[in-house]
Amino acid sequence: LGVDSVGEDCRNQEYLLSSLDTFFVVIYLSELVLKNYTFGIRRFWSTRVNQFDALLILLSLCALILTSVADSVASGCDPTVPGSSTATMSNSTHANHSLNRIASLVGVFRVLRVFRVASVLVNHVTR
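Residues numbered from 1 in each chain as written. Predicted model: local features only at pLDDT ≥ 70, side-chain atom pairs only at ≥ 80, totals over all residues. Heavy atoms only, no water.

## As for the overall build of the chain
Piece 1. Counting secondary structure elements, the chain contains four helices and zero strands.
Piece 2. Beginning at the N terminus, the succession of helices and strands in the chain can be written as α-α-α-α.
Piece 3. Within the span of the chain, comprising 127 residues, buried residues form 18% of the whole.
Piece 4. Within the chain, residue pairs in contact and separated by at least 24 positions form 58% of the contacts whose partners lie at least 6 positions apart. (Helix = DSSP H or I, 4+ residues; strand = E, 2+ residues; numbered from the N terminus. Buried < 20%, exposed > 50% of the residue type's maximum accessible area, 1.4 Å probe, protein only. Contact = heavy atoms within 4.5 Å.)

## Here's the deal with the environment of tyrosine 28
Piece 1. Within the secondary structure, tyrosine 28 sits in helix 1 (residues 8-39).
Piece 2. Residue tyrosine 28 is classed as partly exposed on the basis of its relative accessible area, which comes to 35%.
Piece 3. Separated by 28 residues in the primary sequence, tyrosine 28 and leucine 56 have C-alpha atoms spaced 9.5 Å apart.

## Regarding the confidence of the model for the chain
Piece 1. Per-residue confidence for the chain averages 74 on the pLDDT scale, and 55% of its residues sit at or above 70.
Piece 2. Highest mean pLDDT in the chain belongs to helix 2 (residues 41-45) (94); lowest belongs to helix 4 (residues 89-126) (64). (pLDDT = per-residue confidence, 0-100.)

## Some points on the side chain of asparagine 50
Piece 1. Relative to the assigned elements, asparagine 50 resides in helix 3 (residues 48-74).
Piece 2. With relative accessibility at 10%, the residue asparagine 50 sits in the buried group.
Piece 3. Of note is the side chain of asparagine 50, whose polar atom sits 3.3 Å from the side chain of lysine 35.
Piece 4. Aside from chain neighbours lying at most four places away, what touches asparagine 50 is Lys35 and Phe44. (Polar contact = N/O pair within 3.5 Å; in protein donor to acceptor, adjacent residues only side chain to side chain.)

## Describing the packing of aromatic side chains
Piece 1. Considering all chains together, one arrives at two aromatic pairs under this definition.
Piece 2. Seen in terms of ring centroids, phenylalanine 23 and phenylalanine 24 are 5.2 Å apart; in terms of plane orientation they differ by 75°. Their pairing is edge-to-face.
Piece 3. Note on phenylalanine 23: relative accessible area 47%, which makes it partly exposed.
Piece 4. Assessed through its relative accessible area of 40%, phenylalanine 24 is described here as partly exposed.
Piece 5. For the pair phenylalanine 44 and tryptophan 45, a centre-to-centre distance of 5.2 Å together with 85° between the ring planes defines the contact as edge-to-face.
Piece 6. Under the relative-accessibility criterion, phenylalanine 44 is labelled buried at 1%. (Phe/Tyr/Trp six-rings, centres within 6.5 Å; stacked < 30°, edge-to-face > 60°.)

This is the structure we're talking about:
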């Protein structure tokens, strides 16, 4: 998102966006699990739309995990070892930048879900 802020406002907005992102990933992941249970695994995975949804949800989950790891690295902590602070500033900055770029790329795929839902709605309305 193109949000310009400084200081405390920026941290608050980042926290809000991160919380909303986590909330929606959990909702969509729950939807994926419920659809698998309701339709059955074979029927659910037989349609391309459901396969595409599952791919986007899994990519969103990966982006959420990568963002969490990037935040841990940026703070100087090794996310695999509780309580450690072994990363140097230059390494953590580079790793944070790389992980954020990957997470942003995954975000592009998540936008595709919106377009898919919109096209389904348009096709449904025009019938």
